[in-house]
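Working through the structure, step by step
Okay, here's what each chain looks like letter by letter:
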Amino acid sequence: YINSIFSAFDREVLAQGLFKMDTIGDAYVAAGWLNSLDPAEATERCAAMVSLSQSMLRILERHREVTGQDLRCRIGISKGVVYAGVLGRLQPRY
């Protein structure tokens, strides 16, 4: 079931214009990049992250209705500077 749930999350990330950073076990990590210090852009990106979190909760509710499995999630939203590095040669890590 986790594949179908994460696939639905992926569709929502794309619909919101956000970026899926990684999945780590059963954790799903997404980000909304700011390309400038424009307050309007910051407001838009924050609204997109909140909308994504609401969509994720709806996806899990539909999953419960269809399967009877009572899956729960924790959603956190943070802001701040992100640093990236490359471990090995294949994939950036944040």
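Quick note: structure is the one above.
A short tour of the structure in this document, coming up. Being a predicted model, the structure only gives us computed values, none of them experimental.

1. Quick look at the packing of helix H1 (residues 2–16) against helix H2 (residues 39–67)
At a minimum axis distance of 10 Å, the contact between H1 and H2 shows a crossing angle of 155°. The orientation of H1 with respect to H2, classified from their angle, is roughly antiparallel. As for how H1 packs across H2, the hand of that crossing is right-handed. Where H1 abuts H2, its residues Ile5, Ala8, Phe9, Glu12, Val13 and Gln16 lie against Arg45, Ala48, Ser51, Leu52, Ser55, Met56, Ile59, Leu60 and His63. Of the residues in the contact of H1 with H2, the class split is nine nonpolar, four polar and two charged.

2. A look at H1
Relative to the 21 Å expected for 15 residues at 1.5 Å per residue, H1 spans 21 Å between its end C-alpha atoms, a close match to the ideal helical length. For H1, the set of buried residues is Ile5, Phe6, Ala8, Phe9 and Val13. Summarising the axial view, the buried residues of H1 lie within an arc of 155°, below the 170-degree limit, and thus occupy one face. Among the exposed residues of H1, those oriented more than 90 degrees off its buried face are Asn3, Arg11, Leu14 and Ala15. Where H1 is buried, its residues touch strand E1 (19–24), strand E2 (27–31) and H2. Just downstream of H1, glycine 17 is the residue with a positive phi angle, here 70°.

3. Observations concerning the pattern of salt bridges
Summed over all chains, the structure comprises five salt bridges. For arginine 45, the salt bridge goes to glutamate 44, with nearest N and O atoms at 3.4 Å. A residue is classified by how much of its surface remains accessible, and arginine 45, at 13% relative accessible area, is buried. With a shortest N-O distance of 2.9 Å, arginine 72 and aspartate 70 are connected by a salt bridge. Residue arginine 72 is classed as exposed on the basis of its relative accessible area, which comes to 71%. A relative accessible area of 47% places aspartate 70 in the partly exposed class. By sharing partners, the salt bridges in this structure join Glu61, Arg64, Asp70 and Arg72 into a single network.

Thresholds applied
Residues numbered from 1 in each chain as written. Predicted model: local features only at pLDDT ≥ 70, side-chain atom pairs only at ≥ 80, totals over all residues. Heavy atoms only, no water. Axes fitted to C-alpha atoms, helices over the stretch in contact; angles between N-to-C directions. Helix = DSSP H or I, 4+ residues; strand = E, 2+ residues; numbered from the N terminus. Parallel < 35°, antiparallel > 145°, perpendicular 65-115°, else oblique. Left-handed = near helix turned anticlockwise from the far one by under 90°. Contact = heavy atoms within 4.5 Å. Nonpolar A, V, L, I, M, F, W, Y, C, P; charged D, E, K, R; others polar. Expected span 1.5 Å × (residues − 1). Buried < 20%, exposed > 50% of the residue type's maximum accessible area, 1.4 Å probe, protein only. Arc of directions from axis to C-beta. Salt bridge = Lys/Arg side-chain N within 4 Å of Asp/Glu carboxyl O.

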